[in-house]
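Each chain is listed here by its residues.
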Amino acid sequence: MTGPADQTAGPAPADGPSGTAPRGRGGPSGRGHPGEQTAPTETIGADELAPHDLPDAARVLILHAARADAPTVARLYAHGTGAERRAVLRALPRLGLFAGPDAVPLVEDALRTNDTRLVAAAVGPYAARHLPPHSWRQAVLKCLFTGVPLTAVADWERRARGDGELGRMLGDYAHERTAAGRPVPGDLDRVLAMTRALPGAPRALTREES
């Protein structure tokens, strides 16, 4: 799958997963027939896209138009360029084939890389719905560590709310950074505060919203 040339600034995309690729696992198993995939489960709004996002958006639309089945999507991820892997990850919530956790191995593989654009693509709506708790907590820490903005983590407030284990992990991370004389990521306090919120409690307004 090819698309317009990447125009995204930042670290060069990784052309291969840094961990174990899904090849050995055979990728996620498909459910249903490709013909059942009649429409994306989510749409891509123009207001979501910056100009440098357009090549990725085009690849996502191509994936849907091709009605790629699960094995095909897994192969595209396993053998694709960094841009093609990002497209696969961003397409997951829009492909009816992946309404369940079948593609979690692809997300977890992306989170093992040091490509921040790949990490940001991995923590979208699909990860918010399907990533197991421990893996999701590790993903949040990965974002804080690598500088991926918290806004990239879909539905983080819901998943972080009242999560004492995530709060403990964040506290340990902040302590390690401080002891080493390194700055603590600005987003860490926001997530840590949410872990202390009671489940079901209304979200406090930020200064910008109030």
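Read on for a plain summary of the structure. Computed from a predicted structure; not experimentally measured. (Residues numbered from 1 in each chain as written. Predicted model: local features only at pLDDT ≥ 70, side-chain atom pairs only at ≥ 80, totals over all residues. Heavy atoms only, no water.)

Describing the overall build of the chain
Within the chain one finds 10 helices and 0 strands. Every one of the 210 residues in the chain was classed for burial, and the buried ones make up 44%. Accessible surface computed for the chain: about 10700 Å², of which carbon and sulfur atoms make up 55%. (Helix = DSSP H or I, 4+ residues; strand = E, 2+ residues; numbered from the N terminus. Buried < 20%, exposed > 50% of the residue type's maximum accessible area, 1.4 Å probe, protein only. Areas by Shrake-Rupley, 256 points an atom, 1.4 Å probe, with all protein chains shown as cover.)

Here's the deal with the nonpolar core
Ranked by size, the top nonpolar core spans 47 residues in total, and within it Leu89 and Val107 carry the most contacts. No other element matches helix H7 (residues 133-146), which puts 6 residues into this core. Contacts of Val107, omitting those with residues within four sequence positions, involve Leu89, Leu92, Ala122, Tyr126, Ala127 and Leu131. (Core = buried A, V, L, I, M, F, W, Y, C linked by side-chain atoms within 4.5 Å. Contact = heavy atoms within 4.5 Å.)

Overview of the pattern of salt bridges
Side-chain pairs of opposite charge can arise whenever the charged atoms involved come near each other. Under the criterion given, the structure shown has 6 salt bridges. Between Asp109 and Arg112 there is a salt bridge whose closest N-O contact spans 3.2 Å. With relative accessibility at 35%, the residue Arg112 sits in the partly exposed group. Its salt-bridge partner being Arg137, residue Asp163 comes within 3.0 Å of it at the nearest N-O pair. A residue pair is termed long-range when its members are at least 10 positions apart, and Asp163 in the loop between helix H8 (156-160) and helix H9 (164-179) and Arg137 in helix H7 qualify at 26 residues. When sorted by exposure, Asp163 lands in the same class as Arg137, which is buried. A network of salt bridges, in which partner residues are shared, links Glu165, Arg168 and Asp172. (Salt bridge = Lys/Arg side-chain N within 4 Å of Asp/Glu carboxyl O.)

Concerning the side chain of Asp163
When its relative accessible area of 12% is taken as the criterion, Asp163 is described as buried. There is a polar contact of 3.3 Å between the side chain of Asp163 and the backbone nitrogen of Glu165. (Polar contact = N/O pair within 3.5 Å; in protein donor to acceptor, adjacent residues only side chain to side chain.)

Some points on the packing of aromatic side chains
The relation between two aromatic rings is expressed through the spacing of the ring centres and the mutual angle of the planes. One pass over the structure, following the stated rule, counts 0 aromatic pairs. Over the ring of Tyr77 we find Arg85; its NZ or CZ atom is 5.3 Å from the centre of that ring. (Phe/Tyr/Trp six-rings, centres within 6.5 Å; stacked < 30°, edge-to-face > 60°. Lys NZ or Arg CZ within 6 Å of the ring centre and 35° of its normal.)

Notes on the environment of Leu198
In this structure, Leu198 sits in the segment after helix H10 (186-195). Exposure remark for Leu198: the relative accessible area of 62% places this residue in the exposed category. Expressed as a C-alpha distance, the spacing of Leu198 and Arg161, which sit 37 residues apart in the sequence, is 6.7 Å.

Side note on the side chain of Arg85
By the element assignment, Arg85 lies in helix H3 (residues 82-91). Despite being buried, Arg85 has no salt bridge partner; Asp109 is the closest side chain of opposite charge, sitting 5.4 Å away. (Lys, Arg positive; Asp, Glu negative; His and termini not counted.)

Looking at unusual backbone geometry
One non-glycine residue, Asp155, lies in the positive phi region at around 60°. Residue placement: Asp155 occurs in the loop between H7 and H8.

Some remarks on the packing of H9 against H10
Viewed as axis vectors pointing N to C, H9 and H10 meet at an angle of 145°, and their least axial separation amounts to 8 Å. Helix-helix and strand crossings are classified by hand; for H9 and H10 the assignment is left-handed. Contacts between H9 and H10 pair Gly164, Leu166, Gly167, Leu170, Tyr173 and Ala174 from the former with Leu188, Val191, Leu192 and Thr195 from the latter. Residues belonging to the contact of H9 with H10 are distributed by class as follows: 7 nonpolar, 3 polar and no charged. (Axes fitted to C-alpha atoms, helices over the stretch in contact; angles between N-to-C directions. Left-handed = near helix turned anticlockwise from the far one by under 90°. Nonpolar A, V, L, I, M, F, W, Y, C, P; charged D, E, K, R; others polar.)

Fair warning: the whole summary comes from geometry, so function is off the table for now.
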